[in-house]
Amino acid sequence: NHNHNHNHHFRHADSTASLPSSAVAKISHLKAVVLGDAPASEEDDVVLPSHEFSRQALVPSQQKYLEMYKASIENPAGFWSGIASSEFYWKQGWGDQVYSENLDVRRGNIKIEWFKGGITNVCYNCLDRNIDAGLADKIALYWESNEPGFDATLTYSQLLQRVCQLANYLKSVGVRKGDAVVVYLPMLMELPITMLACTRIGAVHSVVFAGFSSESLAQRIVDCKPKVVITCNAVKRGPKTIFLKDIVDAALIDSANKGISVDVCLTYENQLALKREKTKWKEGRDIWWEDVVPKYPTSCDVEWVDAEDPLFLLYTSGSTGKPKGVLHTTGGYMVYTATTFKYAFDYKDSDVYWCTADCGWITGHSYVTYGPMLNGATILLYEGAPNYPDPGRCWDIVDKYKVTIFYTAPTLYVTRYSRKSLRVLGSVGEPINPSAWRWFFNVVGGSRCPISDTWWQTETGGFMITPLPGAWPQKPGSATFPFFGVQPVIVDEKGVELDGECSGYLCVKSSWPGAFRTLYGDHERYETTYFKPFPGYYFTGDGCSRDKDGYHWLTGRVDDVINVSGHRIGTAEVESALVSHPQCAEAAVVGVEHQVKGQGIYAFVTPVEGISYSEELRKSLILTVRTQIGAFAAPDKIHWAPALPKTRSGKIMRRILRKIAARQLDELGDTSTLADPGVVDQLIKLADT
Ligand code: WTA
């Protein structure tokens, strides 16, 4: 057995490298503005938390953070088991080993386990436990429709009843512990209800973002073979109606052709978008949610599961191949999302919390549903588009519900002026540049609200590098310091850890409770992708630099993954969609800076012999990507390429393509190693056609 239990013999290693112990002294020379005093200007290096904010904060000072961080690194077992046992309900405690891990491929299989042997249930901890603690009548969910004027609320006890009815229904159609349920729903209350109902009975949900095409949905269905698919007939997004059920129908035909048939398609009638009479229907398979679910009892026994039993699967894009089913398990994920939520947003019982992410992505799993709900928070769900019917919609919503914590992606379309109710702001999904940071801080937060720029990933389950708003002076654009228990390291291309001021590949040393445990059905790919590049570490795929004060600055992906409006897309997926087009011979896709979306998709396309470029072909290529992946993955630019720049061994030189896409033509670098250097000039000539 190659697994190492670090509980008893913690190696001190050089965890001090990421321990920002001397930052206090170092930043004192920087020009600073105090929260609430004045707007942050270009000249200010840091924004200090105000005494007022710090005084009420869970972690009120750098010193307190450092104490807690040190404890979490020196004794992870003690730190996390303290939190796990005092703040959650366990039917039965874990064994004497709090965690065991092997993150080093040289020592055998990668394995991470936390609280193994502990018996619990995440839904119970989200609902029953909070209700027992007196939150029965507290609002759990506010729901705001796409159409202004339509809304709904559920208290914790009402939510529990809804969850139990669905859980009972799912059991009645044969869903058991360990079975997969695919969920293709927009941001209706039924989405978190479905997640919690699955969790209650030990079923493994796999939520597919309702912007994915039927082909992408089918691919996921074929991979995880669900007993049931849950969807709704249609949804309105902005002025448009999207017929989700039609997409599911097509996906179910597609997956049946590939040998996976699904017996039950539970469909919610979303009356604000489409009446049931107008919905296409397959008798026997399709069932209206409203016809069956409300008939079931409003209480449902919990399925007690092991901490290491799977909680959910979420497919995400990698740099190569088909989407990966990221698997999170129960105990560690529960403890980690709840704890990160609480500290990074300095959560208070009186907060009204709004995260604009969709539950189809990890942010919606960890910080719309689980993290906040485990804390008994009041959560706002917004169904619609952020700029519908006008660009002020988000702020109208903030005012209407007196939102105090607002968590969003930097690219969200936001304008207008600051909102009084806000207390803490959060940012996620991409590097936020210093001027965008200042804008968010000054304009949205009225220079009053700290910003938690949270760096993390689908794979990490929860926040990894993030400010704690009362503790740290913030530098605009920096995600600052690691969360408790997280040891980020920056390595060079040989995997050597760099010290002090440095820049390189971001890795993580040792496990943390929220880490994913495997890629569903493909543990080998898990090891190859994440643990082989830099043996001994988890490799994030991101670049990062650390400044002389110890602050972390994320610089974006170093692999072929791009982030478009907070949606993670593998360039390889877009390329394979493009080359499936009969008139496309070859394609290479790169990310390019985009004003609104953060990154845009830029595709170089070589048509097959004898086919010439045309507007019609351009449109049809884009349509191919929309139908194979989803509208959000459609290329922003097709750049016609008579040929692609390749090395003599045939490898496409993306570095050059990225420079051409960014029009940084004087930074092309050495092109002499190309098989045919003339290709570059051809591409430059065709740049704006
Ligand atoms: C990027 C989203 C800079 C990063 C939670 C990461 C960020 C990828 C930040 C994961 C941030 C996320 N600053 N970059 N605060 N947060 N990223 O899996 O490149 O959809 O690897 O998870 O988003 O995207 P994912």
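Note that the structure is predicted; figures quoted are calculated from it, not measured.

Undergrad: So what exactly am I meant to see when it comes to the packing of helix H8 (residues 190–200) against helix H13 (residues 362–374) here?
TA: Packed helix pairs are specified by the crossing angle of their axes together with the interaxial distance, meaning the distance between the axes. Between H8 and H13, whose axes approach to 11 Å, the crossing angle comes to 60°. Put simply, H8 runs oblique to H13. When you trace H8 past H13, the crossing you get is right-handed. Listed contacts from H13 to Pro 192, Met 195, Leu 196 and Thr 199 of H8 are His 365, Thr 369, Tyr 370 and Met 373.

Undergrad: Explanation requested: the packing of aromatic side chains in the structure shown.
TA: The relative placement of two aromatic rings is captured by the distance of their centres and the angle of their planes. In this structure the tally under the stated criterion is 62 aromatic pairs. Residues Phe 345 and Phe 463 carry aromatic rings whose centres are separated by 5.6 Å and whose planes lie at 85° to one another, so their mutual orientation is edge-to-face. Note that Phe 345 is positioned in the loop between helix H12 (330–344) and strand S18 (352–355) and Phe 463 in the loop between strand S22 (451–453) and strand S23 (487–491), a separation of 118 residues in sequence. Summarising the burial analysis for this pair, Phe 345 and Phe 463 share the class buried. Feature note: the residues Tyr 65, Tyr 69, Phe 79, Trp 80, Tyr 336, Tyr 343, Trp 472, Phe 481, Phe 483, Phe 484 and Tyr 551 constitute an aromatic cluster, connected by ring pairs. Across the ring face of Phe 212, the terminal group of Arg 220 is positioned such that the distance to the ring centre comes to 4.3 Å.

Undergrad: When you look at the site of the ligand in this model, what are you seeing that I'm missing?
TA: Residues in contact with the ligand amount to 17 residues; listed here are only the nearest, Asp 453, Thr 454, Thr 458, Asp 542 and Arg 568. Thr 454 is positioned such that a nitrogen or oxygen atom in its backbone is 2.8 Å from a nitrogen atom of the ligand. Within the side chain of Asp 542, one N or O atom sits 2.5 Å away from an oxygen atom of the ligand. For the ligand, the accessible surface in isolation is 520 Å², of which the surrounding protein chains cover 97%. A breakdown of the residues in the shell around the ligand according to their chemical character gives 6 nonpolar, 6 polar and 5 charged.

Undergrad: What's the story with the sheet that holds strand S24 (residues 502–509) in this structure? I'm lost.
TA: Within a sheet, neighbouring strands are paired by backbone hydrogen bonds and run either parallel or antiparallel to one another. In space, the 4 strands of this open sheet follow the order S23-S24-S26-S27, with antiparallel pairing throughout. Two strands bound the open sheet, and with one partner strand each, they are S23 and strand S27 (552–557). Geometrically, the sheet is characterised by an average inter-axis angle of 45° between neighbouring strands, direction not taken into account.

Undergrad: Sorry, what's going on with the pairing of S27 here?
TA: Residues in a regular strand project their side chains so that they alternate between the two faces of the sheet. Note: strand S26 (residues 538–546) against S27, 5 bridges, orientation antiparallel. Looking across to S27, one finds that Gly 543 is bridged to Gly 556. Linking two consecutive strands that pair antiparallel, namely S26 and S27, is a turn of 5 residues; a positive phi of about 90° is found at Gly 550 within it.

Undergrad: Honestly, the environment of Arg 654 in this entry has me stumped. Any pointers?
TA: Counting through the fold element by element, Arg 654 comes out in helix H19 (residues 654–661). For Arg 654, a relative accessible area of 18% gives the class buried. For the pair formed by Arg 654 and Asp 560, sequence separation is 94 residues and the distance between their alpha carbons is 9.3 Å. For Arg 654, the residues in contact, after removing those within four places along its chain, are Asp 560, Thr 571, Glu 575, Val 589 and Val 590.

Undergrad: Whenever I open this one, the UniProt feature "domain: Acetyl-coenzyme A synthetase N-terminal" (unreviewed entry) in the protein confuses me. Can you help?
TA: The UniProt record marks residues 65–126 with the feature "domain: Acetyl-coenzyme A synthetase N-terminal" (unreviewed entry), using the residue numbering of this structure. As annotated, residues 65–126 comprises 44% helix and 16% strand, and the C-alpha atoms at either end are separated by 27 Å.

Undergrad: Please explain unusual backbone geometry as it appears in this structure.
TA: Across the chain, the bulk of peptide bonds are trans and the bulk of non-glycine residues have phi less than zero. Cis geometry marks the peptide bond from Tyr 388 to Pro 389, where omega comes out at -5°. Tracing the backbone through its elements, the reader meets Pro 389 in the loop between strand S19 (378–382) and helix H14 (393–401). A positive phi angle, near 60°, is found at Arg 663, a position not held by glycine.

Definitions and limits used
Residues numbered from 1 in each chain as written. Predicted model: local features only at pLDDT ≥ 70, side-chain atom pairs only at ≥ 80, totals over all residues. Heavy atoms only, no water. Axes fitted to C-alpha atoms, helices over the stretch in contact; angles between N-to-C directions. Helix = DSSP H or I, 4+ residues; strand = E, 2+ residues; numbered from the N terminus. Parallel < 35°, antiparallel > 145°, perpendicular 65-115°, else oblique. Left-handed = near helix turned anticlockwise from the far one by under 90°. Contact = heavy atoms within 4.5 Å. Phe/Tyr/Trp six-rings, centres within 6.5 Å; stacked < 30°, edge-to-face > 60°. Buried < 20%, exposed > 50% of the residue type's maximum accessible area, 1.4 Å probe, protein only. Lys NZ or Arg CZ within 6 Å of the ring centre and 35° of its normal. Near = heavy atom within 4 Å. Polar contact = N/O pair within 3.5 Å; in protein donor to acceptor, adjacent residues only side chain to side chain. Areas by Shrake-Rupley, 256 points an atom, 1.4 Å probe, with all protein chains shown as cover. Nonpolar A, V, L, I, M, F, W, Y, C, P; charged D, E, K, R; others polar. Pairing = 2+ DSSP bridges. UniProt positions renumbered as here; feature names shortened; annotations may be inferred.

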